[in-house]
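Working through the structure, step by step
Chain by chain, the residues:
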Amino acid sequence: MDTTAHHAPDGTFRNPWEISQGDAELRGRIREVAWDWITGDHPPDPEPGQLPAEEPELAPAPEAGARVTWVGHATTLIRLPGLTLLTDPVWSERCSPVPFWGPKRFVSAVPALTELPAVDAVLLSHDHFDHLDRFTVTALHRRFGEGLTWFTPLGYRDWFRRRGITRVEELDWWGEAELQGYRIVCTPARHWTRRTPWGTNRRLWSGWAVVPAEADPAMDSPVSSALPAENPTPPAPRLWFAGDSAWCPAFAEIGARLGPFDLSLVPVGAYEPRWFMKAAHMTPEEAVRAFQEAGGAGIMVPIHWGTWRLTFEDPLEPRTRTRAAWGEAGLDPGGLALLRHGETVTVGGG
Ligand code: ZN
Ligand code: ZN
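Positions within a chain are numbered from 1, following the residues in the order the chain's sequence is written. As they are written, the chains are lettered A onward and the ligands numbered 1 onward, keeping that order. In view of the model being predicted, local features appear only for residues whose pLDDT reaches at least 70, and side-chain atom pairs are presented and counted only at 80 or more, with totals across whole chains, interfaces and linings using the full set of residues. Excluded from the side-chain calculation are hydrogens and water; included are all heavy atoms of the structure.

1. Some details on the overall build of the protein chain
By the criteria applied, helices consist of DSSP H or I runs no shorter than four residues and strands consist of E runs no shorter than two, each listed in order from the N terminus. Secondary structure summary: the protein chain contains 9 helices and 13 strands in total. In terms of principal-axis extent, the alpha carbons of the protein chain reach across some 65 × 50 × 45 Å. Classification of residues uses two cut-offs on accessible area relative to the type maximum, computed with a 1.4 Å probe and protein chains only: under 20% is buried, over 50% is exposed, and between them is partly exposed. The buried share of the protein chain, reckoned over its 350 residues, is 56%. We call two residues in contact whenever any of their non-hydrogen atoms come within 4.5 Å of each other. A separation threshold of at least 6 residues defines the contact pool for the protein chain, and within that pool the share at least 24 residues apart is 70%. Computed with the Shrake-Rupley method and a 1.4 Å probe, the accessible areas treat only the protein chains shown as cover for residues. A total accessible area of about 15,000 Å² is found for the protein chain, and carbon and sulfur atoms account for 53% of it. All tallies of charge rest on Lys and Arg as positive and Asp and Glu as negative; His and the ends of each chain are not included. To locate a charge, take atom NZ for lysine, CZ for arginine, CG for aspartate or CD for glutamate. With 33 positive and 45 negative side-chain charges, the protein chain shows a separation of 7 Å between the mean positions of the two kinds.

2. Observations concerning the pairing of strand β11 (residues 263–267)
Counting buried positions along β11 gives 5 out of 5 residues, so the element sits mostly inside the fold. Because side chains alternate across β11, one face comprises the buried residues Leu263, Leu265 and Pro267, and the other comprises Ser264 and Val266, equally buried. Two strands are counted as paired when DSSP detects at least two bridges linking them. With 3 bridges connecting them, strand β10 (residues 239–241) and β11 associate as parallel partners. Paired with Leu239 across the bridge in β11 is Leu263. When the strands point away from the viewer and the connection leading from the first strand across the helix to the second strand turns clockwise, the crossover is called right-handed. Handedness of the crossover is the feature at issue here: the chain leaves β10, passes through helix α6 (residues 250–258), returns alongside β11, and the resulting connection is right-handed. As judged from the 5 bridges shared by β11 and strand β12 (residues 299–303), these two strands associate in the parallel manner. Within β12, the position partnered with Ser264 by the bridge is Met300.

3. Quick notes on the coordination of the zinc ion (ligand 2)
Note on metal geometry: ideal angles are 109.5 degrees for four donors arranged tetrahedrally and 90 or 180 degrees for six donors arranged octahedrally. In this structure, Asp130 (OD), His131 (NE2), Asp244 (OD) and His304 (NE2) serve as the protein donors to the zinc ion (ligand 2), at separations of 2.1 to 2.2 Å. Coordination here is defined by N, O and S atoms within 2.8 Å of the metal (3.2 Å for Na, K and Ca), and since water is not considered, a site can look incomplete. Metal sites are grouped by the angles between bound donors: all angles between 85 and 135 degrees with four donors is tetrahedral, opposite donors over 155 degrees apart with the others between 65 and 115 is square planar for four donors and octahedral for six, and any other pattern is irregular. Around the zinc ion (ligand 2), the 4 donor atoms sit at angles spanning 85 to 166°, and that spread fits a shape best called irregular. Between the donor residues of the zinc ion (ligand 2), the gaps in sequence give the motif D-H-x112-D-x59-H. Here the zinc ion (ligand 1) and the zinc ion (ligand 2) are spaced 3.5 Å from one another, each receiving a donor from Asp244. Residue Asp130 is found in the loop between β4 (121–123) and α3 (134–144), and its partner Asp244 is found in the loop between β10 and α6; the two are separated by 114 residues along the sequence. Given the relative accessible area of 2%, Asp244 is considered buried.

4. Here's the deal with the coordination of the zinc ion (ligand 1)
Donor atoms from the polypeptide that bind the zinc ion (ligand 1) are His126 (NE2), His128 (ND1), His191 (NE2) and Asp244 (OD), placed at 2.1 to 2.5 Å. Around the zinc ion (ligand 1) sit 4 donor atoms; with metal-centred angles ranging over 88 to 171°, the donor geometry is irregular. Here the donor residues for the zinc ion (ligand 1) map to a single chain with the spacing H-x1-H-x62-H-x52-D.

5. Focus on the sheet that holds strand β8 (residues 182–187)
Pairing between the strands of a sheet comes from backbone hydrogen bonds, and it takes one of two forms, parallel or antiparallel. Read from one edge of the open sheet, 6 strands run β7-β8-β9-β10-β11-β12, paired in mixed fashion. Whereas interior strands pair on both sides, the edge strands pair on one side only; in this sheet they are β7 (176–179) and β12. Here the average twist between neighbouring strands, direction ignored, is 20°. Relative to the sheet, helix α8 (residues 284–293) contacts β10, β11 and β12, its axis offset from that of β12 by approximately 145°. Where helices are involved, their axes are fitted lines through C-alpha atoms of the stretch in contact, as for all axes, and angles between N-to-C directions lie from 0 to 180°.

6. Thoughts on the confidence of the model for the protein chain
Values of pLDDT, the confidence the predictor places in each residue, fall between 0 and 100. Taken as a whole, the protein chain shows an average pLDDT of 91; of its residues, 93% reach a score of 70 or greater. Within the model, the stretch residues 220–229 combines pLDDT values under 50 with 1 contact to residues more than four positions away or in other chains.

7. Description of the nonpolar core
A general trend in soluble globular proteins is that nonpolar side chains are found buried together. By size, the foremost hydrophobic cluster in this structure holds 68 residues, and its most contacted members are Leu80, Phe151, Val210 and Val301. Once residues within four sequence positions are removed from consideration, Val210 is found in contact with Leu80, Leu83, Leu85, Leu123, Tyr182, Arg183, Ile184, Pro237, Arg238 and Leu239. The set of buried Ala, Val, Leu, Ile, Met, Phe, Trp, Tyr and Cys residues whose side-chain atoms join them within 4.5 Å is what this entry labels a nonpolar core. Core analysis: the second largest hydrophobic core is formed by 21 residues, Trp91, Leu116, Val122 and Leu132 among them.

Have a look at this one:
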């Protein structure tokens, strides 16, 4: 893949794959979708009890293992040996520019922000309000200050600087940085960005992979291949957070370069109406396929569902369809961690 094809000549970003032609035309029909949203019949909100929350397990990761807690939507707390991360942290009740309007949570974020252990870094996928929330960003900065590194795709540095945050690692697709013994790699995704009507695709979107720094199968320099084969691999898990993405031909390459993953966080919700959402979000069936294409190893944690009503499908449907798609694909039933809000899955370790 041409590593610069997602940079448009005017300085904005674009999806570089053949299948993404027509995305701009789709965005032009956003009014049509907005009209259906206002006038159409929608499946009801989940009943209390249909989305029960759990007590999170906030203890550090076991040796050589990992813990992932689903806080809600795309927000997860990840504990690896020596590294604690958050993905797309949103603790606000509503995902919107203002606190009094916008989709309201079905289930509160668990754990509460004040209960979080010390967090080393945030992995941000893009600027949509269900992923980048200024109230949460400010609260995290107030609590952790310079101890917290913000990993973002290209185009976010100024947004963070306006909030007094300077410890930002801004990376392009396949760019990487090292933190506390891990490589943090910015991975491609098929999506788009906009927080203001005039800001379409001025910032990049991405996923993230986190792999032990020393174990580096992608690096076949003469130096590394000259190392003895028994060179010990550090006992730490490999992780992929897919961000917000439509199905994308890059998934296989991500798996080949950075896998096999022990943990994959893959979005499964916000896919209807299909004709419109197919350029931005995966169906549960596509999400399972994405997991398989990225190597199909370890555990998949479905994210981006059951928290806010953002699109037309029944908010509980992603859960049923993910389970069904997993079974249909003949995957190991133990490999699907369809978590409740607040629930923690522990992988590996003693
Ligand atoms: Zn998005
Ligand atoms: Zn989203």
